[in-house]
Structures are given as C-alpha cells and as structure tokens.
Amino acid sequence: MRVPLSWLREYVDLPATETGRDVQEKLISVGLEVETVEQLGADLKGPLVVGQVLTIEELEGFKKPIRFCTVDVGQANGTGEPQEVVCGARNFAVGDKVVVVLPGAVLPGGFAISARKTYGKTSHGMICSADELGMGDDGSKGIIVLPPEHEVGTDAIELLELVDEVLDIAVTPDRGYCLSMRGVARETAIAYGLPLRDPALIDVPAPNAFGYPVQVADPFGCDRFTARTVSGLDPEAHSPIWLKRRLQKAGMRPISLAVDVTNYVMLELGQPLHAYDRSRVQGTIGVRRAEAGERLTTLDGVTRTLDAADLVITDDRGPIGLAGVMGGANTEIDDTEGTTTEVVVEAAHFDALSIARTARRHKLASEASRRFERGVDPQAASAAAQRTVDLLVLLAGGTADAGVTEVIAPPAPRTITIPANHPDKVAGVEYGRETVVRRLQEVGCDVYGQDELIVTVPSWRPDLTDPNDLAEEVIRLEGYENLPSTLPKPPAGRGLTERQRLHRRIGRALAGAGYVEALNYPFIGEQVLDDLGIEADDPRRTVVTLVNPLSDEEPALRTTLLPGLLGALRRNDGRGSHDLALFETGLVFRPTGEEQVPVRLPVDRRPTDEELAGLDTALPRQPRRAAVVLAGAREQSGWWGKGRPGDWADAVEAARAVAREAGVALTVRADQHAPWHPGRCAALYAEVDGAETLVGHAGELHPRVVKALHLPERTCAMEVELDLLERAGNGPARAPRISSFPVATQDVALVVDRFVPHADVEAALREGAGELLESIRLFDVYENAEQLGEGKKSLAYALRFRAGDRTLTVDEASAARDAAVALAGERTGAVLRS
C-alpha cells in the first residue's frame, strides 16, 4: 500500500515538522512494515509553469514530425514575451494549456534545462510530459494538456503536487484494513496519540424501496449489497488533477472519471466498488453462484469459463461480473465514446475465502480481490457508496437518485472474553487494566467488565478472534521494544536426540565424500511423477495436495526427494557446472488413507495430550530420507592420472556410507524400480527388527527419465529411508577399538556363475570366516571366457583377520580363509581360482 504523506495529513493532524522518515519510524513501532519512503520531486527545481500555446509551426525535412511553438507563460520568464519551444509531441493544439519548464530549471533525474539550438531553431525550455516530471503513467501519450481554467504563469509544481513523500507499506495478510488510507491513518493516530478524522463517518440515507432492484441468492457469499444510482453525468467531465495525482502516487493509473472515483474511494476507505453503465444493465442485478460452464468476458478482454464455486454478479442476460474480482466487459463504462450519463454504483461485501479461491482459480488477481481476501469492513459499504455518489455529483454534475438499495444479512457482533491481566501474562510485563482497556479501545474495540473483560471486536478487524489476538494488540501498541529481554534457562541434560545425531553424522559423511547439500522446496506436481516413469498404482503417486499451494504447477507434497534434487542438478548443469554430486536429507509425505480430520486446538489453555495426539492422527506418515544425485566426473583427471565418470557403483557406495553411520550393513541386490535403469538398479536391504527389509534403491537413471527431465547422460541417484536405518542400527555410535596386534591379510579369487550376486558371495565369506574376520573388500571383478569358461566371472576379495588378544599365526589365518571359501562354495557354487 502506497500512502502519500500529503493525503495522510487530511485524516491526522501531524506536526508540520514531521517527515516521511519520522512517520515511518512511528508506524514500524506499532507493527507495520514500512519498506521505503519515496521522495517525490526531491531533485525538482523550477521555474515550471502553466503556459498557453499561441502558435504552432510544423518543421519539414526531418525524420520525425517536429513543431516550433510559441507559448504564453505570463511573467514567469521575466519579460512577458511568448516563449519559443521546439516540441515533437502531437497531442496538443493552439489554445491548449500545457506545462512548460523554463531555462534554469532541473527536472527529476538531474536533467538541467537550458536554451539550446535544435532542428534549426532555438528552444527556450520544454513542453513537458507526465513521464518527464516523474508523475508516472497518467493513461495518456504525449505532453500534459491541462484543463482550461488554470491561469497562465501558475506554478505547476504546486498545481501538479509534484513534491511529496510516499510511504510504501508491505501489508501482511492479517492487517487487511491497512490497505486503505483510513486504516493507515488509524494506526498513525494511535502511534502519535492524536485524534482520527474517520472518512467513513458521513451521513448516509436510509435504504428505501425506490433503489435499483437487487436480488442476492447467496447470502453467505454476499452478506451486504448496496446499490446507488447517479444520473445526469456530464460525459465530457474528466478527473481533476488532485484526484489523478493521488491515484498516481498510490500506484494506480487514471482511466476515466467514474472509474477513478471508485478507485479513489477504495483507496480511501478500503471498500472495493464497481460502477456499471446503467444503460447496459438489463433488469435486476443479482448475486449467485455460477453455473458450471457459464462464460464471462471480463474487463481485461479475456473470456473465462466459470466454475460452479465462483460468485458472480448477474442481470437478466446472465453474468456481468466476477464478484469481488473484476467486472464484465458488457456493462463497462466506455470512456472512449463518452456516452455514459447514468451509472449504478455497487458496494458489496463478499466472503473472503470465496473471492480468494476465485481469483486463484482464474489467475486473476486485482486490487479488489486483494482486499476482499484479506477482509473488508462490511459496515463501510454504505459509506463508500455515499462517498462515491458525492464525488460523482461534485465532479461530473450528476444528480443522486433518491432510491437506496441495501440488501443485508448482518452477522452477529463478535465478542471475546479475556481476563484483564491476560496481556500481562503473555508479555511478562505488568500493563494494568487501564492500559489494556485503553489500547483495545484505540483499535476500535468496545470493552466492558472489570477483572473479566468482554470485548466486542470492530467490524474492520476480522483477524481478532482469540484472547491472544487482543493481547498482541496491547503488546504491539505498548511497544515490542519495551519487552524485557530474558535468557531462557534450559534444563540440564538436554541436547540432540540420537535421531538428530544420526542425521548430522550422515550429512557430514556425505559432505566428506564430496557431495554438496541442496535444500529444496518439498512441493511437486503430477508431471514430474510422469517424467520419472512412476506407474499409476505406485504408492508414490498418492500425494497430499495443498489447499493453498505456492504454485499451481506444484500443488502436492513430495513423496520422494528425487524431483527436487534432480531439478537442482539440471539447473546447475545448465549454468555450466557439469561435474555434480548433490545430497539432501528431509521428510517425504506418504499418506495412508487413514488420516483423521484435525480438530482446532484451544488457545486459552495448553492442549491436552489427547488433543495433541488427535492432531497426529490427521498427519500423513512422514519418514525422513536421504538421497544423492550425481553426474559428470567423479574423479578429475590430471598429472596424477586419468579421472573417471560417476556411475551406479558410486550411488551404491553413497548408500553404504549412509548405512555405516547408522552401524548397518547393507545387502545389495539387482532390481527393477522406477526411475532407475532396469539393468543398473540396486535394491538396498537391511535387517530391521529381525527381518530383512527394503530400505532404498540406488543406481543409474533410466534413459527415458534422463531425456524427459533434460539431465546429463548417465545421471545416477540413490535414496534410502533413514528411519529404517536407525531402527536397524545398533544404537549410539561407538568409537572403534584399536588393536595393538598386527593384521593378517589373505586374498582369495573365486569363480562363480556370471549372474551370482557379489553380495551373496560376500555374505557367505563373512559368515564362514568367523569372529577373526575384521573386514572384507571386493577389489577386482574379471571376466574371460577362455580362462574362466563361458558364463563365469572371477571375484577377488581381500580378507583382513585380527585377534584382539594375540598375534594370529599363519595357520589360524589360513584356516579362517579356507572355512570362508568352503561356505561360499557350498552356498553359491564358488570355486577357488587357480
């Protein structure tokens, strides 16, 4: 919300010495986010005056039309003689009043004006456009043509209100009333302790039976609808300069008088309005839900197919507006033809949730929907309609019809019971009853009672619903900076849980292995699941869909970490980083279908354990996972030797690194599981609660997935479930024992069938070797049909034996090795390679 300081002063008598920076500091102290204070015209210097065009000479022989003009600027040039000016604009004629800047002036941006020769003539100044004066978009092209009533020689800086300060306020969703001058003025008056001149406190005639007919079929969606009619408008009337300038400073473009007036009142009171050309409205104005498939062409020229949940304004033909969002083109006031002489003014109050959903559904955010979805004061509708009527009568010479239509389904006043000392308990500061009552009254509440206060919330504060909301109002107005700073006293013995320690160890292990952590948003869309090749019946297809997603393209919570990581890898690869290894640990969301509807917890007491447990039943299962993705070189080449690209084995090794931190040994088996390559996919198993359990997958991605997601060739990935690894682990990590006795190393090469998994051979060797085996490592895989036989391969292992209490003899190490080889031969058919 852009708030011109000159406009704000109309409602609050600020000290004359107060600057925009001073007001910014005060508003920040009461909780408003004033981002910047824009200094309009700070570098502007006159003379800048009103002039009248006397003559125009068209200069020939140039690439673009050029005009040599004489302009009467009165005594502003010191001589009273006509000022000679060269100008390229074409939107003015002899006799028009224009804005002229004379030599010696400085325009915004430090542009100094002096007499200079151009196009064969000497130009003593400029005829100015709105853009050259820093006024913003005034809706017209070319120079400014002023109304004829302004006298020649008048100071245009003051006339056009070019010098001002504008506060840019970031209004949070709970403070929708501050999307108006009325709301910001209220906060300013409270901050300064000054009275407020409320612009909504005007005389409004009572409703009668002579107003324009209105029928509201959905009182829940529209609980208040005020209609007023103004006739006899001058179709040639234009918005005065002061009105245009206030709209421009507030960030809106002047359009036509009727539209400008409705926008002005919206900015002033916070109530969106709409003006219909009465000659284009046929019959009764209605409010109802749309019929599925109905179509409406809105003011932006787009024909929209309506949803059954959309709230629409209708006449006898059908929809003429999308309620609370945008009007329809078929009842638009057409300022280009200048034929509108009678308008119907609509000031209504619509359901905030309905408007928000309609605006999002049609991707049609507007100034009106922005206010309705944050909460508009329903009791301001009639005052806003009256203010609009008054301005149209004043500025366009119209006549207000006696008929006043008002359809109301008033809600009951909202009251909150709160102990008088409740803000004291929340803040840890003793405010006292008088301070609490005074502050609540300042925000518009009616307060009764002594120790127990009964507070009636004002209609413009829909965000005040609970005792803690009222406590927050007291605390913010008394000043957050006045709250005492106290250090919390944590009880002894608290620290990271074992689960947290495990996750940190895993992160450090992956970072030590060369992976870079990438934190991604936990949102996905259905398209990425298609790209990953996930089947329709896969559990990963069952997602939790958000009611209010950040992006309509990603409305669901992730069921796997891979989409975010692969997206990060694709972006970095596209920006020139081709050797990538990324990891992420985080939650995925896997609904079971048994989730319950959550209950709303109380705020006046601590929820019970049963109530908190009830919330948990509404949540989907949220296992924590770890995932890695890698592409490009895993080891760089250089003078030390050749590098190598990352492959599926690196993804499997990343899983082993994660499992080692949990004290778990993984069993690796071939598998087929999207999105991995069917011939290069490993299923990862661990013993969980006494049973072998699938904990994840690793390998190279399927070529179709790589192509669909635009990834580098041979991209690999791994994903494991950390919660299962934690259950499979043997508790807290223990420091390794360091033996003082030497290790005995025995190497064996075993010939097995080509399709026998290495994991099965290793498991048999480990079991057969017994307790003396310290470690086992596969260091070579060899295939040669001539030496080994058709369909055979050789697996070479390094076995390390060690005893904790003695030095092993050669016979002991050899016996352990032979036992290992024997069991491997029995289980897998392995034969010791000669």
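In case you missed it, the structure is sitting above this.
Here is a short report on the structure shown in this document.

Rules used in this analysis
Residues numbered from 1 in each chain as written. Predicted model: local features only at pLDDT ≥ 70, side-chain atom pairs only at ≥ 80, totals over all residues. Heavy atoms only, no water. Helix = DSSP H or I, 4+ residues; strand = E, 2+ residues; numbered from the N terminus. Rg over C-alpha atoms; globule rule 2.2 N^0.38 Å. Buried < 20%, exposed > 50% of the residue type's maximum accessible area, 1.4 Å probe, protein only. Contact = heavy atoms within 4.5 Å. Salt bridge = Lys/Arg side-chain N within 4 Å of Asp/Glu carboxyl O. Axes fitted to C-alpha atoms, helices over the stretch in contact; angles between N-to-C directions. Left-handed = near helix turned anticlockwise from the far one by under 90°. Nonpolar A, V, L, I, M, F, W, Y, C, P; charged D, E, K, R; others polar. Phe/Tyr/Trp six-rings, centres within 6.5 Å; stacked < 30°, edge-to-face > 60°. Lys NZ or Arg CZ within 6 Å of the ring centre and 35° of its normal. Pairing = 2+ DSSP bridges. Polar contact = N/O pair within 3.5 Å; in protein donor to acceptor, adjacent residues only side chain to side chain. Parallel < 35°, antiparallel > 145°, perpendicular 65-115°, else oblique. Expected span 1.5 Å × (residues − 1). Core = buried A, V, L, I, M, F, W, Y, C linked by side-chain atoms within 4.5 Å.

1. Brief notes about the overall build of the chain
The helix and strand tally for the chain stands at 22 helices and 42 strands. A compact globule built from 834 residues would reach a C-alpha radius of gyration of about 28 Å, whereas the chain, at 38 Å, exceeds it by more than 25%. Across its three principal axes, the chain shows a C-alpha extent of roughly 120 × 80 × 60 Å. For the chain, with 834 residues in total, the buried portion stands at 47%. Counting contacts in the chain only where the partners sit at least 6 residues apart, residues at least 24 apart contribute 71% of the total.

2. Digging into the pattern of salt bridges
According to the stated counting rule, one finds 62 salt bridges in the structure shown. With a shortest N-O distance of 3.2 Å, R374 and E373 are connected by a salt bridge. Here E373 falls in the partly exposed class, since its relative accessible area comes to 33%. Residues participating in the shared-partner salt-bridge network are R175, E187, R461, D463, E473 and R476.

3. Things to note about the packing of helix α13 (residues 498-512) against helix α17 (residues 648-661)
Packing of α13 against α17 brings their axes to within 9 Å, and their N-to-C directions diverge by 145°. Handedness of the α13/α17 crossing: right-handed. Of the residues in α17, those touching α13 at L502, R505, I506, A509 and L510 are A654, V658 and E661. Counted by class, the contact of α13 with α17 contains six nonpolar, no polar and two charged residues.

4. Overview of the packing of aromatic side chains
Applying the stated criterion across every chain yields a total of six aromatic pairs. Taking 4.9 Å as the distance between ring centres and 90° as the angle between the ring planes, the aromatic pair formed by F62 and Y119 counts as edge-to-face. Of the two residues, F62 sits in the loop between β3 (48-59) and β4 (66-72) while Y119 sits in the loop between β9 (116-118) and β10 (121-123), which places them 57 residues apart along the sequence. Its relative accessible area of 37% is what places F62 among the partly exposed residues. Among the residues examined, Y119 registers a relative accessible area of 31% and is labelled partly exposed. For the ring pair W639 and W640, a centre distance of 5.6 Å and an interplane angle of 75° mean the geometry is edge-to-face. Three or more aromatic residues link up through ring pairs in this structure, and these residues are W7, W242 and Y264. The ring of F68 carries K121 above its face, with NZ or CZ at 5.0 Å from the centroid.

5. Focus: the pairing of strand β32 (residues 624-631)
Burial analysis of β32 places seven of its eight residues in the buried class, which makes it a mostly covered element. When strand β31 (residues 580-587) meets β32, the two strands line up antiparallel, connected through eight bridges. Across the sheet, the residue bridging to T585 is A626, located in β32.

6. A few points about the sheet that holds strand β39 (residues 744-753)
Note: strands within a sheet are paired through backbone hydrogen bonds, in either parallel or antiparallel orientation. Spatially, β40-β41-β39-β42 is the arrangement adopted by the four strands of the open sheet, whose pairing is antiparallel. Lying at the two open borders of the sheet, with one neighbouring strand each, are β40 (773-782) and β42 (831-832). Taken together, the ten bridges between β39 and strand β41 (residues 792-801) define a ladder with antiparallel strand orientation. Each bridged residue has a counterpart across the sheet, and for Q746 the counterpart in β41 is L799.

7. Structural notes on the side chain of R67
Among the structural elements, R67 can be located in strand β4. Accessibility expressed as a relative area gives 8% for R67, which makes it buried. In this structure the side chain of R67 is engaged in a polar contact, spanning 3.4 Å, whose partner is the backbone oxygen of A89. When neighbours within four sequence positions are excluded, R67 is seen to be in contact with I56, E57, E58, V85, V86, C87, A89, R90 and F92.

8. Section: the environment of G646
Within the fold, G646 resides in the loop between β34 (644-645) and α17. Sequence-distant contacts of G646, defined by excluding residues within four places in its chain, comprise L630, G632, A633, R634, R714 and C716.

9. Notes on the packing of helix α2 (residues 20-29) against helix α4 (residues 181-192)
Interhelical geometry of α2 versus α4 gives an angle of 85° and a closest axis separation of 9 Å. Judged on the interaxial angle alone, α4 and α2 are roughly perpendicular. For the pair α2 and α4, the contacting residues are D22, V23, K26 and L27 in the first and V184, E187, T188, A191 and Y192 in the second.

10. Concerning the pairing of strand β16 (residues 274-277)
Here β16 shows two buried faces, one formed by H274 and Y276 and the other by A275 and D277. Pairing between β16 and strand β23 (residues 343-350): four bridges, direction antiparallel. Looking across to β23, one finds that H274 is bridged to E346.

11. A short note on helix α9 (residues 381-396)
A rise of 1.5 Å per residue sets the reference length of α9, with its 16 residues, at 22 Å; its end C-alpha atoms lie 22 Å apart and thus fit the reference within 8%. Taken as a whole, α9 has its buried residues at A381, S382, A383, A384, A385, Q386, T388, V389, L391, L392 and A396. In the core, the buried residues of α9 are packed alongside β15 (222-231), α5 (241-249), α6 (257-269), β23 and β24 (399-408). Positive backbone phi, approximately 65°, marks G397, located one or two places after α9.

12. A short note on the nonpolar core
Grouped together as the largest cluster of nonpolar side chains are 55 residues, with contacts concentrated most on L8 and I169. When neighbours within four sequence positions are excluded, I169 is seen to be in contact with M1, V3, L27, L32, E33, V34 and V184. If you look at the next biggest cluster of nonpolar residues, it comprises 32 residues, including I506, L510, Y515 and V658.

13. With respect to the sheet that holds strand β25 (residues 415-419)
Pairing is antiparallel across the open sheet formed by three strands, whose spatial order is β25-β27-β26. This sheet does not close on itself; its edge strands, each paired only once, are β25 and β26 (446-448). With direction set aside, neighbouring strand axes in the sheet form an average angle of 25°. Of the pairings in the sheet, the one linking β25 to strand β27 (residues 452-456) comprises five bridges and is antiparallel in character. Following the sheet pairing, I416 is matched in β27 by V455. Packing against the sheet, helix α11 (residues 433-442) makes contact with β26 and β27, and its axis sits at approximately 5° to β27.

14. Brief notes about the side chain of E719
With respect to the helices and strands, the residue E719 is situated in strand β38 (residues 716-721). The exposure class of E719 is buried, given its relative accessible area of 6%. One polar contact links E719 to R625, side chain to side chain, over a distance of 3.5 Å.

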